Amino acid sequence: MDYENAEKILEVKHLKQYFNVGKSDEVHAVDDISFDIYKGETFGLVGESGSGKTTTGRAIIHLYEPTSGEILFDGKNVDSFTSKQERRDFRQEMQMIFQDPYASLNPRMKVKDIVAEGIDINNLAKDDDDRTKQVEDLLETVGLNKDHSSRYPHEFSGGQRQRIGIARALAVKPKFVIADEPISALDVSIQAQVVNLMKKLQREQGLTYLFIAHDLSMVKYISDRIGVMHYGRMLEIADSDEIYAHPLHDYTKSLLSAVPVPDPEFERARQEIAYDGDQENDGKERHLVEIAPRHWVRAADDEIDMYTQRAHEASLIHD
Amino acid sequence: MDNENNILEVRNLQVNFKTYAGDVKAIRNVSFDLRKGETLAIVGESGSGKSVTTRTIMGLNASNADIVSGSIMYKGQDLLKKSEQEMEGIRGQDIAEIFQDPMTSLDPTMKIGRQIAEPLMVHKGMKKDKAWAQALEMMKLVGITDAESRINDYPHQFSGGMRQRIVIAIALINYPEVLIADEPTTALDVTIQAQILNLMKELQDKISTSIIFITHDLGVVAGMADRVAVMYAGKIVEYGTVDEIFYNPKHPYTWGLLSSMPTLDSSGDELPSIPGTPPDLLDPPTGDAFAARNAYALKIDTEQEPPFFKVSDTHYAATWLLHPDAPQVTPPAQIVERQKKYAKMQQALAQAQQTTGPVEEEEEQQ
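Here the structure is a predicted model, which means the values were calculated and not measured.

So, how was this worked out
Residues numbered from 1 in each chain as written. Chains lettered and ligands numbered in written order. Predicted model: local features only at pLDDT ≥ 70, side-chain atom pairs only at ≥ 80, totals over all residues. Heavy atoms only, no water. Helix = DSSP H or I, 4+ residues; strand = E, 2+ residues; numbered from the N terminus. Rg over C-alpha atoms; globule rule 2.2 N^0.38 Å. Buried < 20%, exposed > 50% of the residue type's maximum accessible area, 1.4 Å probe, protein only. Contact = heavy atoms within 4.5 Å. Areas by Shrake-Rupley, 256 points an atom, 1.4 Å probe, with all protein chains shown as cover. Lys, Arg positive; Asp, Glu negative; His and termini not counted. Charge placed at Lys NZ, Arg CZ, Asp CG, Glu CD. Patch = residues over 30% accessible without salt bridge, like charges linked within 9 Å, V, L, I, M, F, W, Y side chains within 5 Å. Salt bridge = Lys/Arg side-chain N within 4 Å of Asp/Glu carboxyl O. Axes fitted to C-alpha atoms, helices over the stretch in contact; angles between N-to-C directions. Parallel < 35°, antiparallel > 145°, perpendicular 65-115°, else oblique. Nonpolar A, V, L, I, M, F, W, Y, C, P; charged D, E, K, R; others polar. Buried area = accessible area lost by both parts, 1.4 Å probe. Polar contact = N/O pair within 3.5 Å; in protein donor to acceptor, adjacent residues only side chain to side chain. Expected span 1.5 Å × (residues − 1). Arc of directions from axis to C-beta. Left-handed = near helix turned anticlockwise from the far one by under 90°. Core = buried A, V, L, I, M, F, W, Y, C linked by side-chain atoms within 4.5 Å. Pairing = 2+ DSSP bridges.

Just checking my understanding: could you explain the overall build of chain B for this structure?
Helices and strands together make up the secondary structure of chain B, namely twelve helices and twelve strands. Against the compact-globule benchmark of 21 Å for 366 residues, chain B has a radius of gyration of 22 Å, which places it among compact chains. When the backbone C-alpha atoms are referred to their principal axes, chain B occupies close to 70 × 60 × 45 Å. The 366 residues of chain B split such that 51% are buried. Of all intrachain contacts in chain B linking residues separated by at least 6 positions in sequence, the fraction that spans at least 24 positions is 65%. A total of about 16,900 Å² of accessible surface is found on chain B, and carbon and sulfur atoms cover 49% of it. Computed over 34 positive and 50 negative side-chain charges, the separation of the two mean positions in chain B equals 4 Å.

Looking at this structure, I do not really get the overall build of chain A. What am I missing?
Helix and strand counts for chain A stand at eleven helices and twelve strands. Computed over the C-alpha atoms, the radius of gyration of chain A is 21 Å, within 12% of the 20 Å expected from 2.2 N^0.38 for a compact globule of 319 residues. Expressed along its principal axes, the backbone C-alpha trace of chain A runs to roughly 65 × 55 × 45 Å. Here chain A holds 319 residues, and 55% of them are scored as buried. For chain A, the computed accessible surface area is about 14,300 Å², with 45% contributed by carbon and sulfur atoms. One finds the centroid of the 39 positive side-chain charges in chain A at a distance of 7 Å from the centroid of its 58 negative side-chain charges.

Could you clarify how one ought to interpret a positive patch on the surface in this entry?
Residue and element names in this part refer to chain A. Taken together, Lys84, Arg87, Arg88 and Arg91 make up a surface patch of like positive charges. Inspection of the secondary structure puts Arg91 in helix α2 (residues 84–93). A relative accessible area of 39% places Arg91 in the partly exposed class.

Honestly, the packing of helix α3 (residues 111–121) of chain A against helix α5 (residues 158–170) of chain A in this entry has me stumped. Any pointers?
Two numbers describe a pair of packed helices, the interaxial angle and the distance between the axes. Residue and element names in this part refer to chain A. As a packed pair, α3 and α5 sit with axes 7 Å apart at the nearest point and diverge in direction by 30°. Taken together, the axis directions place α3 and α5 in an arrangement best described as roughly parallel. Residues Val111, Ile114 and Val115 of α3 form the contact with α5, whose own contacting residues are Ile164, Ala167 and Arg168. Of the residues that constitute the contact of α3 with α5, the class distribution is five nonpolar, no polar and one charged.

Is there a simple way to think about the interface of chain A and chain B in this case?
Often, the extent of an interface is quoted as the loss of accessible area upon association of its parts. On the chain B side, the residues contacting the 32 residues of chain A number 42 residues. In total, chain A and chain B occlude about 3,300 Å² of area from one another, counting both sides; carbon and sulfur atoms represent 55% of this. Ranking the residues of chain A by area buried against chain B places Val188(A), Tyr221(A) and Pro262(A) at the top, with a combined share of 20%. Between chain A and chain B we count twelve residue pairs in polar contact (both at pLDDT 80 or more) in total. Contributions of two or more residues to the side of chain A that touches chain B are made by α6 (188–205), α7 (216–222), α9 (250–257) and α10 (264–269) of chain A. Ranked by residue count, the leading element in the side of chain A that touches chain B is α6(A), at eight residues. Within the side of chain A that touches chain B, the residues separate by chemical class into 15 nonpolar, seven polar and ten charged.

Would you explain helix α4 (residues 128–141) of chain B in this entry?
Note that an α-helix has 3.6 residues per turn; residues three or four places apart therefore point the same way. Residue and element names in this part refer to chain B. Taking 1.5 Å per residue as the helical rise, α4 with its 14 residues ought to reach 20 Å, and the 20 Å between its terminal C-alpha atoms agrees with that figure. If you check which residues of α4 are buried, you get Ala131, Trp132, Ala135, Leu136, Met138 and Met139. For α4, the arc enclosing every buried residue in end-on projection is 165°, short of the 170-degree limit, so these residues lie on one face. Exposed and facing more than 90 degrees away from the buried side of α4 are Asp129 and Lys130. Each element contacted by the buried residues of α4 is listed here: α3 (112–124), α5 (147–150) and α6 (160–172). Immediately downstream of α4, the backbone of Gly143 shows phi near 80°, a positive value.

Hey, could you run me through the packing of α3(B) against α4(B) in this one?
Residue and element names in this part refer to chain B. Orientation of α3 relative to α4, taken along the N-to-C sense of each, is 115°, at an axis distance of 8 Å. For the element pair α3 / α4, the angle class is roughly perpendicular. Of the two possible hands of crossing, α3 and α4 adopt the one that is right-handed. Of the residues in α4, those touching α3 at Ile112, Gly113, Arg114, Ile116, Ala117, Leu120 and Met121 are Lys128, Ala131, Trp132, Gln134, Ala135 and Met139.

I'm lost on the pattern of salt bridges in this one. Help?
Close approach of charged atoms allows side chains with opposite charge to pair. All names here are of chain A. Evaluation of the coordinates by the stated rule reveals 36 salt bridges over all chains. Ionic pairing is found between Arg286 and Glu303, a salt bridge with its closest N-O pair at 2.6 Å. Taken together, the residues Arg286 in strand β11 (residues 286–292) and Glu303 in the loop between β12 (295–300) and α11 (304–313) connect sequence positions 17 residues apart. Glu303 matches Arg286 in its accessibility class, with the two residues each being buried.

Whenever I open this one, the nonpolar core confuses me. Can you help?
A general tendency of soluble globular proteins is for nonpolar side chains to be buried together. Counting 56 residues, the largest nonpolar core has Val115(A), Ile164(A), Ile166(A) and Phe211(A) as its most contacted members. Looking at this core, the element that brings in the most residues is α6(A), giving seven residues. Not counting residues within four places of it along the chain, the set of residues in contact with Phe211(A) comprises Thr42(A), Phe43(A), Gly44(A), Leu45(A), Ala179(A), Pro182(A), Ile183(A), Met198(A), Val219(A) and Ile222(A). With 39 residues, the next largest nonpolar core counts Trp132(B), Phe158(B), Leu203(B) and Met224(B) among its residues.

Mind showing me how you'd approach the sheet that holds strand β1 (residues 6–19) of chain B here?
Strand pairing in a sheet relies on backbone hydrogen bonds. The paired strands run either parallel or antiparallel. Residues and elements named next belong to chain B. Across the sheet, which stays open at both edges, the four strands sit in the order β2-β1-β4-β5 with antiparallel pairing between neighbours. Both edges of this open sheet fall to β2 (22–35) and β5 (77–78), since each of them pairs with a single strand only. Judged from the two bridges that link them, strand β4 (residues 65–74) and β5 form a sheet pairing that is antiparallel. Paired with Tyr74 across the two strands is Gln77, which belongs to β5. Its contacts with the sheet place helix α1 (residues 50–58) against β1, β2 and β4, and it is angled at close to 110° to β1.

Looking at this structure, I do not really get unusual backbone geometry. What am I missing?
Both trends apply: most residues other than glycine have a negative phi, and most peptide bonds are in trans. A positive phi angle is found at Glu181(A), which is not glycine, with a value near 50°. Mapped onto the elements of the fold, Glu181(A) is located in the loop between β7 (176–180) and α6. Of note in this structure, Asp146(B) is not a glycine but carries a positive phi near 55°. Its location among the elements puts Asp146(B) in the loop between α4 and α5.

Please clarify how α6(B) should be interpreted in this entry.
Residue and element names in this part refer to chain B. Taking 1.5 Å per residue as the helical rise, α6 with its 13 residues ought to reach 18 Å, and the 18 Å between its terminal C-alpha atoms agrees with that figure. Within α6, eleven of the 13 residues are buried, which leaves the element mostly enclosed by the surrounding structure. Where α6 is concerned, the buried positions are Gly160, Gly161, Arg163, Gln164, Arg165, Ile166, Val167, Ile168, Ala169, Ala171 and Leu172. Among the structural elements, β6 (95–98), α3, α4, β7 (178–182) and α7 (190–207) are those in contact with the buried residues of α6.

As structure tokens, then:
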């Protein structure tokens, strides 16, 4: 990715997403996070369950009213669309691929109707022939064939269903696709197929992805940049190679040290690094600071020197 | 028993499931041994038969399962010939299982203390007080903090990782000789997974149990297993020590599995993937079931099933590529790298042997 001339497609600014506000069980699912996504890149969002990564994805596509903060898509605030047309355009430009290929397809609809639902709603087909042709082209694009169009979801395997989900997302020609754990329900050999397909589609159609997952090795493989979330906060953002080779935040180090690697020698020597989540709750004011070029770490003012020191040691900064 | 080191011997196991569409041949002639104190990992995709294998050992198959042939010898007795009542005495006592999903494998209406103590009361006829006292000890052993007060809690009051610890506590309370762990960490986050895996290793040392570890995550296998069996379409296609499988794999399916998993340092545009999907076991193909997805398939693969070829005393693979008449093929790049590493390791081992004399038994087993 050439980030010098890259254009921002999405800007998340101080997003807060709280649930049960004012009640005793108020949850701060997403607590003041900010990040940008550039056109044509894949931004990976990783974190453990409960870290707020899925909530972030859902807030971006505006399935929730944000508690506070702004989400700008192509420069427009997704929370302030006034006309129906604006909202419809937004829904067309941003699409989602869901985690569970079994639950996310309506079992009573034929594949062609599932894929064409967005086409129908947005009036993207001139007539029935055009609609059929578009559906068949889409199925072909995702590696299925046109004979599949009149079948029902239960006739497909998990990997094939996920391909249908991808075809449905692409049907309305989106610019931006949120993929929430799109491969975690699939077998290892099938995961690689789906990831390759997503990469191919990105190259061909210039898509931008927000890829949410907990499988860190797969996220690294597909993403250009990665953001690490923990307890609803963004702790570190950097290029995927850099964040894996030189994590600066303790939590990222701990998370990466826990990833099992298919190499017995490595596994025998592995040392997990523990992370104490309480160190975040010492009452200090923290925000993302650019420690090295395009490498952001959530830090308090008096921690910046420490992270800068770490970046020096990892030769991320030279001066 | 063929070997006194074996605690479990599975021979020529064949299991079909009767369905309206016909018989699904889920397990097609599987044989393996489990040695005392070892961890044997069974890896493969969903539908390859790994869970059916262990469920057959536990006698927990669905009612439409038909065990066509085979034997499962445990301490000189064939488990397949046991009555349901006899199996009830063995399950949870000699052979226990950690189930995959900690959310559904606990009873939501029962205090966890009772769930952990239940196997003691059922199998050993222990009184409640004594059983609960032991349950408390076990809770501490598996690392449930503040066990004294939490023993009266219900499953929904625990997080996923803690629930899996409870499931482990239930499985281990009778110090079983054989522990079956069916994807015990698949539902958990990596950091919690690491804790649970470490806990299992620790407990294995403490109570010297033998583990059959089922998973599709090769990273977990690399860290847990002593030996590995790779299953495909109801058969074991390759087995060997963990080093042999990861650094010197011979079966093209093992090659595919290993290379389709990105490592933290893999990059590039295309991830090697295995094309297609596993075969339909209602009507398994003749010859090698993997042939249709195998870029290295030979003509004979579609005609005749490959037997096991010996690679070393501990390493066997069922692929015609190992036949002396088979053409030489170059495995995928990532596998070549792994084999280079293996050659180096072997070399280092040979050198160490020359300088210090024979390697001690203990080291070899690791």
